[in-house]
Amino acid sequence: MDDEKITLVRDEVQKGMDAIAAGNNDLGSRHFWTATDILATIQDDSKKRDEMSSLAYIFTRYGFHDLALIEASELVVIDEKLGNNRNLAEDLLALGNANTNLGQADKAEENYNRALKICLKKGYYSNAASASTNIAGIKAEQNKMDDAIALLRKSLEFLEKEPFPETERNTLLTLIQVLGITDKYPEELIESAKRLFKKFQNEITPKYIKVISPYIDNAVKKFLGQNPAINPLQWKAMNLPQIYGNKL
Amino acid sequence: MPIRKENILDELRKLITSDEILSSVTESAVQLIKESDTIQKYEGIKVFVCNFLKASADIIKSVIYTDECQIIFLVPVIIFNEQFLKETEAAIRSFSLAKPLLKSPYFQSDANMYGLIDRITNNTDSYLSRLRVMTENDFEAEKAIKEQFMMTVYYFICHEIGHLLEDKQQGHYGSFLKPGSPLEENIANAVVKLEMHMRDLAKYGFTLGGGPENEKAYKEIRRNVDGLKNTIDIARQENPKWFEAEIKADEHANEIIIKLLQKYRTHDEKTADAMQYHFICGLFVAGIYSWFKDLGNFLDELDCGRTNNAQMLTLEMMKNREKYVNAASLFGDIHRFTLLRANLTIEAILKEQESWFDEDPKFRSIWYSEFLASVPGNYKELKKWRLSENLQRYYMLCILMDTAVKISFIGFSTGWLKEEDNIRGTPQLFLMQFFSMSHELDLLKRFK
């Protein structure tokens, strides 16, 4: 019975994605809701949980943040019941993301902190980094830059223990911006930028470069100002060609 | 078999809702009647929330039945349809999922808004129960939602008591376009009704604007409408009188709420502020939900789908003049336009309770930092943030009035436009651009 329902759920999800691909977002959201409604009737919590997790991701991806919040909230309850800490940590992160998308910063922080606590206790370091970076984002929005910087540095430490490229990229991008706003640690900003471009060059689109380049440029000016012996053009071409080009 | 006055209460008792939240919220709203000096004398008034799914065919056809809410003067008794309150509660809970208005998913796209309407109308019980579970263990969030819901129900009750104060025979608060209902096809009925709404909207500054050349056209349109008025049936000719009665009931409700808030302000400002904030949030949602539900039903009847509604609506309405006649179904025969009602009530409260509208526009703003308001104990910041949220809701309603203004104005002109088509010998293509949800939100973001 549950397996049949799961098939129906997946059919509805596929129909939803097809409808949205065809430009019929309204119909898409109806199929997604039907999917979650069927899911709610499944008896086996662990089967239900896996499908709900996919659905929460899909809701977020398509911008149905209210549905993502409902789904993620229910997921967390099931995870607590099943006692699976890794799933619980991941779903608390998903719930925190849904809270963030709906402007619920306090609830987001609470859920990210819950996730962080579990992750540190259990050694899920890449997820700990994700939680830490997300909390840093909230702190930055609240203008608590020193707190944000400390959290982002912690994220990078966690990622040394359990790498996860996407989280590392997001952490570095956030760190560059926060360091740039505080204007206190130019060398750290430059090193973060160099690391970002070295590891993620192909993923740093012009949109990202537009956001971070003013901060990088400012830090570089400060650094070169403090080190007049360095040839600026040469230094820029060798260290940050992605921003300055590599013509000497 | 007709229901007799002495049987009304007995029949209603058989239909009482078993939903505990609806019962308790309604009871709390009824308790507020005692606290109002204006309507204290009605504190004994009976208010029923009825599950009409249990009702017999005779009851459904009787004076007892209502789709939303009504007052029966015979007793007197106020009756709510359980389904209407459940939908209102579901809408309030849904909008409460986002904290600042700008983060509400329902204004990000038409699909999100109509998806919500769809879930609420077609899956009320399952959707509502899932929403209720979300705040089961969150005391503050649940309290805020219930406050919004309770104040909204209180407003509906005040509206009905407003009819009592005007000594009218019967009244109800309601929306207009039910799924599957036939759309208006009679041009005279449509034009006369839309003229009434167009004038009501214009009275408060919601117009398409215009210059001297429009005045000449307006005189011609008026001539056409006056001619058509003589052709509508006698019952409809009474509608302006009932329309005025509904307006009076709204005005009474506004006054009752304002006085209640003033009374609280004298001894408990924090509670008064919270009540005001929650009331405006709740009424905003009730108005938005009602309008978009009707608009969604209209789009279904036009068979143009709801996705990319603005574009599809623009194209559909351009096809022929009859579409504007059909669109008259979006407006009540005797009830003021839904969003305008909510907007005027919110405006009345904000102008009475706050000094914001008197401030120099160069220095005032509808935006305020939420972070400062979220610091515990920072009441002054919380108050400012709540006001900013209420102002955003007020102006959002003003912006959303756009669709109705266009429909009512063009609809009211339809008779004259057809005359001109006949003189010309060919119909003139007429395109009116309707805005998408995300565009409306962008307009709000441009406010200072």
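One structure accompanies this document, and this report is about it.

Conventions used here
Throughout this document, residue positions are counted from 1 along each chain, in the order its sequence is written. Each chain gets a letter, beginning with A, and each ligand a number, beginning with 1, in the order they are written. Per-residue local features of the predicted model are confined to residues with pLDDT of at least 70, and side-chain atom pairs are confined, for both listing and counting, to 80 or more; whole-chain, interface and lining totals are unaffected and use all residues. The side-chain numbers reported here are obtained from all heavy atoms of the structure, hydrogens and water having been left aside. We count a stretch as a helix when DSSP gives it H or I for four or more residues in a row; a strand needs E for two or more, and each element gets its number in order from the N terminus. Accessible area is worked out with a 1.4 Å probe on protein chains only. A residue is then buried under 20% of its type maximum, exposed over 50%, and partly exposed in between. Contacts are assigned to residue pairs with any non-hydrogen atoms lying within 4.5 Å of each other. Shrake-Rupley sampling with a 1.4 Å probe provides the accessible areas, and residues are treated as covered by the protein chains on show and by no other component. In summary, the charge assignment counts Lys and Arg as positive and Asp and Glu as negative, without counting His or the chain termini. Where a charge lies is defined by one atom per residue type, namely NZ (Lys), CZ (Arg), CG (Asp) and CD (Glu). For two strands to pair, DSSP has to find at least two bridges joining them. Defined here as a combined quantity, buried area equals the accessible surface (1.4 Å probe) lost by two parts on assembly, summed across both. For salt bridges, the criterion is a side-chain nitrogen of Lys or Arg within 4 Å of an Asp or Glu carboxyl oxygen. Here, nonpolar core refers to any group of buried Ala, Val, Leu, Ile, Met, Phe, Trp, Tyr and Cys residues whose side-chain atoms link them within 4.5 Å. Any Phe, Tyr or Trp ring, taking Trp's six-membered ring, that has another such ring centre within 6.5 Å forms a pair; planes under 30 degrees apart are called stacked, those over 60 apart edge-to-face, and the others tilted. Cation placement over rings: the criterion is NZ of Lys or CZ of Arg within 6 Å of the ring centroid and within 35° of the ring normal. A helix is expected to span 1.5 Å for every residue after the first. Contacts described as polar in this section are N or O atom pairs within 3.5 Å, which, within protein, must combine one atom able to donate a hydrogen with one able to accept it, while residues neighboring in sequence count only if both atoms come from side chains. Where helices are involved, their axes are fitted lines through C-alpha atoms of the stretch in contact, as for all axes, and angles between N-to-C directions lie from 0 to 180°. Each angle receives one of four descriptions, namely roughly parallel if under 35 degrees, roughly antiparallel if over 145, roughly perpendicular if within 65 to 115, and oblique otherwise. Left-handed describes a crossing in which the near helix is turned anticlockwise from the far one by less than a right angle; the clockwise case is right-handed. The nonpolar class holds Ala, Val, Leu, Ile, Met, Phe, Trp, Tyr, Cys and Pro. Asp, Glu, Lys and Arg form the charged class, and all remaining residues, Gly among them, are polar.

The next point concerns the overall build of chain B. Counting secondary structure elements, chain B contains 19 helices and four strands. Across the 448 residues in chain B, those meeting the buried criterion constitute 58%. Relative to all contacts within chain B whose residues are 6 or more apart in sequence, the contacts with residues 24 or more apart total 81%. Entry remark: accessible area of chain B is about 19,000 Å², with carbon and sulfur atoms responsible for 52%. In chain B, 56 side chains carry a positive charge and 66 a negative one; their mean positions are 2 Å apart.

The two faces of the sheet receive side chains in turn, since in a regular strand these alternate between them. Residues and elements named next belong to chain B. Burial of the side chains of strand 2 (residues 69–72) extends over both faces: C69 and I71 are buried on one face and Q70 and I72 on the other. As judged from the four bridges shared by strand 2 and strand 3 (residues 77–81), these two strands associate in the antiparallel manner. Directly across from I71, in strand 3, lies its bridge partner I78. Connecting strand 2 to the next strand, strand 3, in antiparallel fashion are four residues.

Further remarks concern the interface of chain A and chain B. In this complex, chain A contributes 29 residues to the contact, which on the side of chain B involves 27 residues. Each partner contributes to the roughly 2,200 Å² buried at the junction of chain A and chain B, and carbon and sulfur atoms together form 52% of this total. On the chain A side of the interface with chain B, the three residues burying the most area are D26(A), W33(A) and D66(A), jointly 25% of the side's total. Taken together, the links from chain A to chain B amount to six salt bridges.

Ranked by internal contacts, the top residues of the largest apolar core, which has 199 residues, are F80(B), F107(B), Y154(B), I157(B), F284(B) and F292(B). Setting aside its immediate chain neighbours within four residues, F292(B) contacts M113(B), Y114(B), I117(B), L400(B) and M437(B).

Residue and element names in this part refer to chain B. Counting across every chain of the model gives 59 salt bridges over all chains. With a shortest N-O distance of 2.9 Å, D125 and K86 are connected by a salt bridge. Of this pair, D125 sits in helix 6 (residues 124–134) while K86 is found in helix 4 (residues 82–95), placing the two residues 39 residues apart along the sequence. Of the residues examined, D125 reaches a relative accessible area of 48% and is grouped as partly exposed. A residue is classified by how much of its surface remains accessible, and K86, at 10% relative accessible area, is buried. Shared partners join several salt bridges into a network, and the residues in it are D19, E89, R93, R132, E142 and K146.

Residues and elements named next belong to chain B. Of all five residues making up strand 1 (residues 46–50), four are buried, and the element is well covered by its neighbours. Looking at chain direction, strand 1 and strand 3 are connected through five bridges and run parallel. Looking at the pairing, K46 lines up with V77 of strand 3.

This part is about the packing of aromatic side chains. All names here are of chain B. Per the stated rule, a full pass over the model turns up 25 aromatic pairs over all chains. Among the aromatic residues, those joined into a ring-pair cluster are F80, F84, Y155, F156 and F279. One cation-aromatic arrangement involves K99 over W385; the distance from NZ or CZ to the ring centre is 5.7 Å. Against the face of F435 rests K406, its NZ or CZ located 4.0 Å from the ring centre.

Residue and element names in this part refer to chain A. If you check helix 3 (residues 45–61), its first and last C-alpha atoms are 24 Å apart, about what 17 residues at 1.5 Å a residue would give, namely 24 Å. Restricting attention to buried positions, one finds in helix 3 the residues D45, K48, R49, E51, M52, L55, A56, I58 and F59. Where helix 3 is buried, its residues meet helix 1 (2–21), helix 2 (25–39), helix 4 (65–82) and helix 5 (85–101). By the N-cap criterion, in which a side-chain oxygen at the helix start approaches the backbone nitrogen of a residue two or three places on, helix 3 is capped by D44, the distance to S46 being 2.9 Å. In the stretch just after helix 3, G63 is the one whose phi turns positive, near 85°.

Moving on to the packing of helix 5 of chain A against helix 6 (residues 105–122) of chain A. Residues and elements named next belong to chain A. The contact between helix 5 and helix 6 brings their axes to 8 Å, and the two run at 160°. With respect to their mutual orientation, helix 5 and helix 6 come out roughly antiparallel. Taken as a pair, helix 5 and helix 6 cross one another with a handedness that is left-handed. Every residue of helix 6 that contacts helix 5 at N85, L88, A89, L92, L93, L95, G96, N97, N99 and T100 is listed here: K107, A108, N111, Y112, R114, A115, I118, C119 and K122. Looking at side-chain class alone, the contact of helix 5 with helix 6 contains ten nonpolar, six polar and three charged residues.

The next thing to look at is the environment of D79(A). Residues and elements named next belong to chain A. Within the fold, D79 resides in helix 4. In this structure the C-alpha to C-alpha distance between D79 and P165, which are 86 residues apart in sequence, comes to 26 Å. Excluding residues within four positions of it along the chain, D79 makes contact with R49, N84, N87, L88 and D91.

Residues and elements named next belong to chain B. Two elements in contact, helix 4 and helix 7 (residues 139–165), have axes separated by 10 Å at closest approach and are oriented at 135°. It follows from the interaxial angle that helix 4 and helix 7 lie oblique. Along this stretch, helix 4 crosses helix 7, giving a crossing that reads as right-handed. In this structure, helix 4 uses F84, L85, T88, E89, I92 and R93 to contact helix 7, whose residues at the interface are E142, I145, Q148, F149, T152, V153 and F156.

What follows covers helix 15 (residues 338–353) of chain B. Working note: α-helix, 3.6 residues per turn, so residues spaced by three or four point in the same direction. In a regular helix each residue adds 1.5 Å, so 16 residues correspond to 22 Å; helix 15 of chain B covers 23 Å between its end C-alpha atoms and thus fits that length. Most of helix 15 of chain B sits inside the fold, with 13 of its 16 residues counted as buried.

So, about the side chain of T152(B). Residues and elements named next belong to chain B. Tracing the chain through its elements places T152 in helix 7. The exposure class assigned to T152 is buried, which follows from its relative accessible area of 0%. Of note is the side chain of T152, whose polar atom sits 2.7 Å from the backbone oxygen of Q148. Ignoring anything within four residues of it in the chain, the contact list for T152 reads T88, I92, G282, L283 and A286.

These figures come from the coordinates and say nothing about function on their own.
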